[in-house]
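Summary of the model geometry
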Amino acid sequence: MDSIITNSKTLLDKMCYGCKYTYKELLKICNFTESQLCFAILYLLKNGIISQYRETNVVYELVPVNN
């Protein structure tokens, strides 16, 4: 579980607000294995930190923080 949290933090550090990323783009910028990326994405989706939706491809985006 610790590696999933660590990888999730790495993924968050690589993503910028307002930018959309495909799965392949995230694989490239994070340099994760597919399993590592899948678990990191699932963790962040479950906690409401990123969103996933379909445009031409499935895209991932940071959820804005409401203050």
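Scroll up to find the structure.
Since we're looking at a predicted model, the values are computed, not measured.

The biggest cluster of nonpolar side chains holds 14 residues, and the ones touching the most others in it are Leu11, Met15, Leu26, Leu37, Ile41, Ile50 and Tyr60. It is helix α3 (residues 34–46) that provides the largest number of residues to this core, a total of four residues. In contact with Leu37, not counting residues within four places along its chain, are Leu11, Tyr23, Leu26, Leu27 and Phe32.

Turning our eyes to something else, we now look at the sheet that holds strand β3 (residues 58–62). Strand order in this open sheet of three strands is β1-β3-β2, and the pairing throughout is antiparallel. Since the sheet does not close on itself, it has two edges, and those belong to β1 (21–22) and β2 (50–54), each with one partner. Sheet topology places β1 next to β3; two bridges connect them, and they run antiparallel. Bridge assignment links Tyr21 to a residue of β3, and that residue is Tyr60.

Between helix α2 (residues 23–30) and α3, whose axes approach to 10 Å, the crossing angle comes to 110°. It follows from the interaxial angle that α2 and α3 lie roughly perpendicular. Crossing geometry of α2 relative to α3 is assigned as right-handed. Judged by residue contacts, Tyr23, Leu26 and Leu27 of α2 engage Glu34, Leu37, Cys38 and Ile41 from α3. Considering only residue class, the contact of α2 with α3 consists of six nonpolar, no polar and one charged.

Moving on, we come to the pattern of salt bridges. Enumeration according to the criterion identifies one salt bridge in this entry. Linking Glu55 and Lys20 is a salt bridge whose minimum nitrogen-to-oxygen distance equals 2.6 Å. Placement of the pair is Glu55 in the loop between β2 and β3 and Lys20 in the loop between α1 (2–14) and β1, with a sequence separation of 35 residues.

Conventions used here
- Residues numbered from 1 in each chain as written.
- Predicted model: local features only at pLDDT ≥ 70, side-chain atom pairs only at ≥ 80, totals over all residues.
- Heavy atoms only, no water.
- Core = buried A, V, L, I, M, F, W, Y, C linked by side-chain atoms within 4.5 Å.
- Buried < 20%, exposed > 50% of the residue type's maximum accessible area, 1.4 Å probe, protein only.
- Helix = DSSP H or I, 4+ residues; strand = E, 2+ residues; numbered from the N terminus.
- Contact = heavy atoms within 4.5 Å.
- Pairing = 2+ DSSP bridges.
- Axes fitted to C-alpha atoms, helices over the stretch in contact; angles between N-to-C directions.
- Parallel < 35°, antiparallel > 145°, perpendicular 65-115°, else oblique.
- Left-handed = near helix turned anticlockwise from the far one by under 90°.
- Nonpolar A, V, L, I, M, F, W, Y, C, P; charged D, E, K, R; others polar.
- Salt bridge = Lys/Arg side-chain N within 4 Å of Asp/Glu carboxyl O.

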